[in-house]
Amino acid sequence: MKLVDSIKQKFNPIQVYALVGESGTGKSFRSKIVAEEYGIHALIDDGLLIIDDKIIAGHTAKKEKTYMGAVRAALFDDKAQRDQVAKAMKNAKIKKILLLGTSEKMVSKIAMRLQLPQPSKIINIKDIATEEEIQKAIKSRQVEGKHVIPVPSIEVKKSYPQIFSNSLHELFNRKKNNKKGDVMIEKSVVKPEFSKKGRIEISEAALTQMVMHCVNETEPDIIIKKISIKTNAHGYKIFITIDVPFGTQLTGKVHKLQTYIIDQIESFTGILIEEVSIIIDKITKR
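(A) Representation of the pattern of salt bridges within the structure. For the structure on display, the rule yields nine salt bridges. A salt bridge links D83 to K79; the shortest N-O distance between them is 2.6 Å. A residue pair is termed a helical-turn pair when its members lie 3 or 4 positions apart in one helix, as D83 and K79 do in helix α4 (residues 79–92) at four residues. By relative accessible area, which is 33% here, D83 ends up partly exposed. Connected via shared salt-bridge partners are K225, D243 and D281.

The following block contains the structure:
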């Protein structure tokens, strides 16, 4: 992977940074501060390419009417969307870009889909915001349904007037960059349709059926005894307990099965699968 990334870097000299943190912890609100500190003029946030405070390309996930639609938009699941953004990045001759996501896996997937090198530096929201600030952001998201797009209000009103709510201004001190004076940063507050209706999740029953189908399609002799599913702000974790017939050659098969399950479910639903654990309970007679 490092060799592939180094080759990409040679022919596509974009330096990729990432800001990660759970949903609603204030990533979009603080992204401009990070960008200012590292001299970054372009960022990817919830399906949008933003350069120098202007929406250049993409489709904001915050305009989606369902949570699942928002996830797909943020992950550039639509080929036309990611092709448009990739072309715009190339035309703009970007040297540095900041990717925002809920986890390292998410920003890695975004980088891959936009044909970018993997992030060379990953910053966690906990490294740049206090626990009090994070909890305040979470409360604002959960109680008031407030989301932020890190561009001036005029940009959001022009592109997405239906979801615009109001604007925020933040004074940022630039001493860290050896620059004198403060800079005022404007960001837009929006209220997506999906936040009004609440988060829509894939049911455990639906995920279980998908997992069973993947296993039966690739390894029909394996007996599934139990499937457990856990979810958090990052994505889903799947635990599969199986019985394996005696004589089954397992070398490499377990990893291939894990990869197949992740690829199939993520491709079909747009959700993130953080982990697939396969537990072999016992070896059975054929």
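(B) Up close: the pairing of strand β3 (residues 48–51). Neither face of β3 is exposed, since L48 and I50 on one face and L49 and I51 on the opposite face are all buried. Note that β3 and strand β4 (residues 54–58) share four bridges and pair antiparallel. In the strand pairing of β4, L48 is matched with G58. Taken together, β3 and the strand that follows it, β4, pair antiparallel across an intervening segment of two residues, in which D52 is found at a positive phi of about 50°.

(C) Representation of the nonpolar core in the model. In this structure, L49 and I97 are the most contacted members of the largest nonpolar core, which totals 52 residues. In terms of residues, this core owes the most to one element, helix α3 (residues 67–74), which gives six residues. Excluding residues within four positions of it along the chain, I97 makes contact with I14, Q15, V16, Y17, I40, A42, L43, I44, L49, M89 and L116. Ranked by size, the runner-up nonpolar core spans 18 residues in total, among them I55, L98, L100 and V190.

(D) Expanded view of the environment of I224. Within the element layout of this structure, I224 appears in strand β10 (residues 223–231). In this structure the C-alpha to C-alpha distance between I224 and I240, which are 16 residues apart in sequence, comes to 7.2 Å. Apart from the residues lying within four places of it in its own chain, the contact partners of I224 are M212, V215, I240, T241 and I242.

(E) Main features of the sheet that holds strand β12 (residues 273–284). Reading across from one edge, β10-β11-β12 is the order of the three strands in this open sheet, with mixed pairing throughout. Both outer strands of the open sheet, β10 and β12, are each paired with one neighbouring strand and no more. With strand direction ignored, the average angle separating the axes of adjacent strands in the sheet is 15°. As judged from the eight bridges shared by β10 and strand β11 (residues 236–245), these two strands associate in the antiparallel manner. Bridge pairing links T231 to Y236 in β11. Its contacts with the sheet put helix α10 (residues 204–218) on β10 and β11, and the angle it makes with β10 is roughly 140°.

Parameters at a glance
- Residues numbered from 1 in each chain as written.
- Predicted model: local features only at pLDDT ≥ 70, side-chain atom pairs only at ≥ 80, totals over all residues.
- Heavy atoms only, no water.
- Salt bridge = Lys/Arg side-chain N within 4 Å of Asp/Glu carboxyl O.
- Helix = DSSP H or I, 4+ residues; strand = E, 2+ residues; numbered from the N terminus.
- Buried < 20%, exposed > 50% of the residue type's maximum accessible area, 1.4 Å probe, protein only.
- Pairing = 2+ DSSP bridges.
- Core = buried A, V, L, I, M, F, W, Y, C linked by side-chain atoms within 4.5 Å.
- Contact = heavy atoms within 4.5 Å.
- Axes fitted to C-alpha atoms, helices over the stretch in contact; angles between N-to-C directions.

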